[in-house]
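# Summary of the model geometry
So the chains spell out like this:
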Amino acid sequence: MSNREQMNIVIAGHVDHGKSTVIGRLLADTGSLPEGKLEQVKATCARNARPFEYAFLLDALKDEQSQGITIDIARCFFKTAKRDYILIDAPGHIEFLKNMVTGASRSDAALLVIDAHEGVRENSRRHGFLLSMLGLKQVIVLVNKMDLVGYDMAVFERIKKEYTAFLAPLQVKPIDFIPICARDGENIAERASWHTGKTVLEYLDELVIPPSRSKETLRFPVQDIYKFTEMDDERRIVAGTIESGTVSVGDKVVFYPSRKSASIKSIEAFNRPCLTSAVAGNAFGVTLTEELYIKPGELLCRADQVPPMVSQRFRGMVFWMMHIPLVKDRRYKLKIGATRVAVELVEIRTMIDATGTSDTGSKQQLDRHDVAECIFETIKPVAFDTALSNPSTGRFVIVANYEIAGCGIVLESLKNDHSVLDEHVKRREVVWEGGGVGVADRYERFGHQAKFILLTGSNAQLCRNIGHALEANLFANKYLAYYLGYSFFEKGLSAGSNNSESNKDEDLISLGELARVLTGSGHIFITARAHLDGGDIALLERLNQPHEILVVTAGDFDAASLVSHVALNANVSVLDAVNQIYEVLKHKEIIPDFSI
Ligand code: GTP
Ligand code: MG
């Protein structure tokens, strides 16, 4: 292998606008075809009395490749004096789009072909959107088939104006537009007499290979936490793949959305000696100077760099790929960075019209292949970037029924003034039909107020033990107390069901709704669930409204990071814990204080 520079170019555009012809021409005119190939294809055409097309060259190459071991029909190779190019033909089909979105294929630049005679069409727009999705900053638009419009530069200028305006909100600014006639090879490798600007090849050789992502701001989505359990080793390894930037031992880092901070103690690579720093593109783990409790899905960033956005609401551009439409009032799963979180469509702002008719009306849903600017809301705060500032953490996928249903880019983080959940709670309180028995009636009957007691912290067993003891104790004192463990919510009503792709958010929502029912009926409802974070608790608090929640934290380091009403020591005895909770219940007049 030579060590010549290599550049990946994706070629996109509407059906029949001339993508394959452009590729055929690039191959032929740079002398990159196998010896005799051009003559062979021309001869075959003549034999079959078919006019020769440059696009046929690709088919001929495909046939050849498919007889070999590796079949890679989407790629072609050509070279200039400057470097080697890999051309990726972008057919419009969904599998290809998914590959692009999930990062399976990376390109350094794009050529977008538009037929001068037909003008901007559906895929010209869709592919334009995808280029923005991919964070491709280097785009050259080729206005092809200039012969069909009599080389009329007014037509070229019109297309240039229209398409530039279309790309602007997508944050794609083409390097330039080139009028070409691919069939005749005009302005591809050689300049036509009617053209004064650069040729396609001249432009390609001027493109730069984007600087390595290791120079950007550190973004390290946490995929997993590994814990050493041997010999009292409390070390946790925070593992994932760096999306961008560099991290070194000693760096002060902050996790988002939790905003917990620590310094990097060590960088552990699998089966290799420890590193002093690690760069984008690599999977590895870090240990921290503080034993923080971090959840998978958080975003590790450097304290000395621009922080990500943390919000529950954002404006994004989404491309919907599923047959079933994207609708409001339905929860989907959003994957952004390493986070998976429940999300709802709040509003469709603007349809990016792929069909060219200006009448998109006020659409209430996104159908297959629709592209639109929308507002989304997640059930809990999420850390992300805008696509413009960091494509890898500003890009998202929407999952429905376990498949990738849509993909998009984040345009803006929004404030969450009135959340979908608040709306839900408000509506719920109207729709759920209560009886005539009021809070005061229940108080008189039961002799105590209702409360939702949530036990959380780093020690699941301790939380559970306290929960059981608290229920037994309150019950013995004739209070209406009820304990239900969290595993109920994980497993659902059918005990054996395996809800492994676990919809943790959905479980929390069920818990919140159930708490609202039980507190409504006057119960002191107790549950235990280790490792809840601030976002989880805020969610439960909202769902339990208008009733209140009492948060009891038990355990070590992570408990300290939560706002809790009762903070119990890590080595508290169960009896002592129950007593402390009792004191707070009395103090808050949940249960009467007979000692007064
Ligand atoms: P799909 O792969 O089917 O999406 O099409 P494509 O974009 O690859 O288009 P292709 O290169 O196959 O060209 C489509 C038709 O347009 C062919 O018949 C080409 O000969 C014709 N064509 C391509 N470039 C030109 C051109 O500059 N002028 C004229 N008149 N026809 C052209
Ligand atoms: Mg083609």
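In total, this model carries 13 aromatic pairs according to the counting rule given. Between the aromatic rings of Phe52 and Tyr54, the centroid separation amounts to 5.0 Å while the plane-to-plane angle is 75°, which identifies the pairing as edge-to-face. Ring centres 5.2 Å apart and planes at 20° place the aromatic pair Phe220 and Phe284 in the stacked group. Taken together, the positions of Phe220 in strand S7 (residues 220-227) and Phe284 in strand S13 (residues 283-288) put the pair 64 residues apart, joining distant regions of the chain. Ring-pair connections join several aromatic residues into one group, and the members of that group are Phe314, Phe376, Phe384 and Phe396. In this arrangement the basic side chain of Lys42 is found over the ring face of Phe52, its NZ or CZ atom lying 5.3 Å from the centre.

A few words now on the sheet that holds strand S21 (residues 451-457). Sheet architecture is open: five strands sit in the order S22-S23-S21-S24-S25, paired in parallel fashion. What marks the edges here is a single partner per strand, and that holds for strand S22 (481-483) and strand S25 (566-568). On average, adjacent strands in this sheet sit at an angle of 20° to one another, irrespective of strand direction. Pairing analysis gives five bridges linking S21 to strand S23 (residues 524-528), with the strands arranged parallel. By the bridge assignment for S23, Lys451 is matched with Ile524.

Neighbouring residues of ligand 1: 17 residues in total, closest Lys19, Ser20, Thr21, Glu53 and Asp147. At a separation of 3.0 Å, an oxygen atom of ligand 1 approaches a polar backbone atom of Asp16. Between ligand 1 and Lys145, the relevant distance is 3.0 Å, taken from an oxygen atom to a side-chain nitrogen or oxygen of the residue. Burial of ligand 1 by the protein amounts to 78% of the accessible area it has alone, namely 650 Å². The leading source of residues in the shell around ligand 1 is helix H1 (residues 19-29), at three residues. Here the residues of the shell around ligand 1 sort into five nonpolar, six polar and six charged.

Here we take up the nonpolar core. In terms of nonpolar packing, the biggest core is built from 46 residues, with Leu366, Phe376 and Phe396 touching the most fellow members. Residues in contact with Leu366, not counting those within four places in the same chain, are Val318, Trp320, Pro325, Leu326, Ile348, Met351, Ala372 and Cys374.

Before going further, it helps to spend a moment on helix H5 (residues 122-133). Think of an α-helix as 3.6 residues a turn; residues three or four steps apart then line up on the same face. With 12 residues, H5 extends 17 Å from end C-alpha to end C-alpha; this agrees with the ideal 16 Å at 1.5 Å per step. Taken across its 12 residues, H5 has 11 buried, putting it largely inside the fold. Every buried residue belonging to H5 is among Asn123, Ser124, Arg125, Arg126, His127, Gly128, Phe129, Leu130, Leu131, Ser132 and Met133, and all of these are buried. Trailing H5 by a residue or two, Gly135 shows a phi angle of about 70°, which is positive.

So, on to the sheet that holds strand S18 (residues 371-384). What holds strands together in a sheet is hydrogen bonding between their backbones, with the strands either parallel or antiparallel. Strand order in the closed barrel formed by six strands is S15-S18-S17-S16-S19-S20, and the pairing between neighbours is antiparallel. Neighbour to neighbour, the strand axes of the sheet diverge by 45° on average, direction disregarded.

In the predicted model, the chain carries a mean pLDDT of 87, and 88% of its residues have values of at least 70. Taken together, the stretch residues 67-73 has pLDDT below 50 and engages in six contacts with residues farther than four places along the chain or on a different chain. Scored below 50 in pLDDT, residues 495-501 shows five contacts in the model against residues more than four places distant or in partner chains.

This paragraph deals with the packing of helix H8 (residues 420-431) against helix H13 (residues 534-544). For any two helices packed against each other, the geometry is given by the interaxial angle and the distance between the axes. Two numbers describe how H8 lies on H13: the axes approach to 9 Å, and their chain directions differ by 25°. Considering their axes alone, H8 and H13 lie roughly parallel with respect to each other. Only Leu539, Arg542 and Leu543 of H13 make contact with H8, whose side of the interface consists of Leu421, Asp422, His424, Val425 and Arg428. The residue inventory of the contact of H8 with H13, partitioned by class, reads four nonpolar, one polar and three charged.

Let us look at the packing of helix H10 (residues 460-476) against helix H14 (residues 574-587). Where H10 contacts H14, the two axes come as close as 9 Å, and the packing angle between them is 60°. Between H10 and H14, the angle falls in the class oblique. Here the hand of the crossing between H10 and H14 comes out right-handed. Residues Asn465, Ile466, Ala469, Leu470, Asn473 and Leu474 of H10 pack against Val574, Ala577, Val578, Ile581, Tyr582 and Leu585 of H14. Residues that form the contact of H10 with H14 fall into these classes: 10 nonpolar, two polar and no charged.

Our focus in this paragraph is the pairing of S18. The element S18 is extensively covered by neighbouring structure, given that 13 of its 14 residues are classed as buried. Sheet analysis places strand S15 (residues 309-320) next to S18, joined by 10 bridges and oriented antiparallel. Bridging across to S18, Arg315 finds its partner in Ile375.

The next thing to look at is the side chain of Lys19. Mapped onto the elements of the fold, Lys19 is located in helix H1. A polar side-chain atom of Lys19 sits 3.1 Å from the main-chain carbonyl oxygen of His14.

Residue Pro257 is reached from Tyr256 by a cis peptide bond, and omega for that bond is 5°. Summarising the element assignment, Pro257 is placed in the loop between strand S10 (252-256) and strand S11 (261-268). Along the chain, Gln545 connects to Pro546 via a cis peptide bond; the corresponding omega equals 10°. Secondary-structure assignment places Pro546 in the loop between H13 and strand S24 (549-554). One non-glycine residue with positive phi stands out, namely His531, at about 60°.

What follows concerns the pairing of S10. Here S10 lies mainly inside the structure; four of its five residues are buried. In this sheet, S11 lies alongside S10 in antiparallel orientation, the contact comprising three bridges. Note on S11: the bridge partner recorded for Val253 is Ala262. Joining the antiparallel neighbours S10 and S11 is a turn of four residues, in which Arg259 adopts a positive phi near 65°.

Within the secondary structure layout, Ser419 lies in the loop between strand S20 (403-414) and H8. Among the polar contacts made by the side chain of Ser419, one reaches the main-chain amide nitrogen of Asp422 at a distance of 2.9 Å.

Mapping Tyr332 onto the fold places it in strand S16 (residues 331-336). Judged by relative accessible area, which is 4%, Tyr332 ranks as buried. Distance in space between the C-alpha atoms of Tyr332 and Ala405 is 9.4 Å, their sequence separation being 73 residues. Excluding its chain neighbours within four sequence positions, the residues that come into contact with Tyr332 are Trp320, Pro325, Leu326, Val327, Val341, Ala342, Val343, Ile398, Val399 and Ala400. From its side chain, Tyr332 meets the backbone nitrogen of Val327 in a polar contact 3.1 Å long.

Cut-offs and rules
- Residues numbered from 1 in each chain as written.
- Chains lettered and ligands numbered in written order.
- Predicted model: local features only at pLDDT ≥ 70, side-chain atom pairs only at ≥ 80, totals over all residues.
- Heavy atoms only, no water.
- Phe/Tyr/Trp six-rings, centres within 6.5 Å; stacked < 30°, edge-to-face > 60°.
- Helix = DSSP H or I, 4+ residues; strand = E, 2+ residues; numbered from the N terminus.
- Lys NZ or Arg CZ within 6 Å of the ring centre and 35° of its normal.
- Pairing = 2+ DSSP bridges.
- Axes fitted to C-alpha atoms, helices over the stretch in contact; angles between N-to-C directions.
- Near = heavy atom within 4 Å.
- Polar contact = N/O pair within 3.5 Å; in protein donor to acceptor, adjacent residues only side chain to side chain.
- Areas by Shrake-Rupley, 256 points an atom, 1.4 Å probe, with all protein chains shown as cover.
- Nonpolar A, V, L, I, M, F, W, Y, C, P; charged D, E, K, R; others polar.
- Core = buried A, V, L, I, M, F, W, Y, C linked by side-chain atoms within 4.5 Å.
- Buried < 20%, exposed > 50% of the residue type's maximum accessible area, 1.4 Å probe, protein only.
- Contact = heavy atoms within 4.5 Å.
- Expected span 1.5 Å × (residues − 1).
- pLDDT = per-residue confidence, 0-100.
- Parallel < 35°, antiparallel > 145°, perpendicular 65-115°, else oblique.
- Left-handed = near helix turned anticlockwise from the far one by under 90°.

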